[in-house]
Structures are given as C-alpha cells and as structure tokens.
Amino acid sequence: ADAFTEVASRLGFPNGLVVAKGGKELVVSEMNTNRLLKFKIHGDGSLGNAYVFKRFSQLFSEDCAEHSEWLGADGMKTDSKGNIYAAHNMGGRVVKLSPKGELLKTYD
C-alpha cells in the first residue's frame, strides 16, 4: 500500500499494539499515561472510541514509581484464550491479564 491512514490520534506514547478477540479489538499501550486502551475494530477497519482497559499504576502501586510517566506497558502479545501478556517497562516483568483486565500472573 502506498498510503497511510491514521485511525487514532492523541495517544500518549503508544509503544505496543495487539489485535485481540479474533480481529475485533485493538489494544494499545500508552507508555507515558500508564494505561492500556481498547478500541473496537469495525468491519471497514476503522476504530471505535477508545476506553481505558487497565492502568498499570493500579496493578503495582506498592513497588513502582507510581507517578512515573514510564510506568506503562512496553510491548504486548495475546494467547489463544485472549489473555494479554504485557512487558512492564519499569517493573522488569511481564504481566498476564485476562480478557477482562484481571491480573492473572506476573513473570519476574
């Protein structure tokens, strides 16, 4: 393709993308806002409105620089069950989140 189509704007340092739910959702890591956003992917490839799926400061406030602008996820992957694995930049670990955003496991 010779053209680029912007599908989202005003993102806070997006540093990880993963397509989930069989191609129906886009999850974006905003590294310097400490959050994972979800977008619905429409049939034509456009995105619905973003909503906050998870804030990393809610997961690890006890052992991280809670107000650091680099607390968010660095990269992501999904598994066949829809769980999201996200590299935690400041924490030196990977977290496993359920499709609903529940913390299932940490890999230090």
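Because the structure is predicted, anything quoted here is derived from the model rather than measured.

About the thresholds
- Counting restarts for each chain: residues are numbered from 1 in the order of the written sequence.
- Reporting in this predicted model follows two pLDDT cut-offs: at least 70 for local features of residues, and 80 or more for side-chain atom pairs to be given and counted; totals over whole chains, interfaces and linings ignore these cut-offs and use all residues.
- Excluding hydrogens and water, the side-chain values take into account all heavy atoms of the structure.
- Residues belong to one nonpolar core when they are buried, are Ala, Val, Leu, Ile, Met, Phe, Trp, Tyr or Cys, and are joined through side-chain atoms within 4.5 Å.
- We call a residue buried when its accessible area falls under 20% of the maximum for its residue type, exposed when it is over 50%, and partly exposed in between, using a 1.4 Å probe and counting protein chains only.
- A run of H or I in DSSP becomes a helix once it reaches four residues, and a run of E becomes a strand once it reaches two; helices and strands are each numbered from the N terminus.
- Two residues qualify as a contact provided that any one of their heavy atoms is within 4.5 Å of a heavy atom in the partner residue.

Remarks on the nonpolar core
In step 1: Of all hydrophobic cores here, the largest spans 13 residues; its most connected members are Val27, Leu36, Phe56, Met76, Ala86 and Leu97.
In step 2: Breaking this core down by element, the ones donating at least two residues are β1 (14-20), α1 (56-59), β5 (73-78), β6 (84-88) and β7 (93-97).
In step 3: The contacts of Val27, once residues within four sequence positions are left out, are Gly16, Leu17, Val18, Ala20, Leu36, Leu37, Lys38, Met76 and Ile84.
In step 4: Of all hydrophobic cores here, the second largest spans six residues; its members include Leu26, Leu37, Phe39 and Ile41.

Examining unusual backbone geometry
In step 1: Here Lys21, not a glycine, exhibits a phi torsion of approximately 50 degrees, which is positive.
In step 2: Considering the arrangement of structural elements, one finds Lys21 in the loop between β1 and β2 (25-30).
In step 3: The exposure class of Lys21 is exposed, given its relative accessible area of 55%.
In step 4: Of note, the phi angle at Asn34 is positive, near 65 degrees, even though the residue is not glycine.
In step 5: Mapped onto the elements, Asn34 comes out in the loop between β2 and β3 (35-40).
In step 6: Under the relative-accessibility criterion, Asn34 is labelled buried at 11%.

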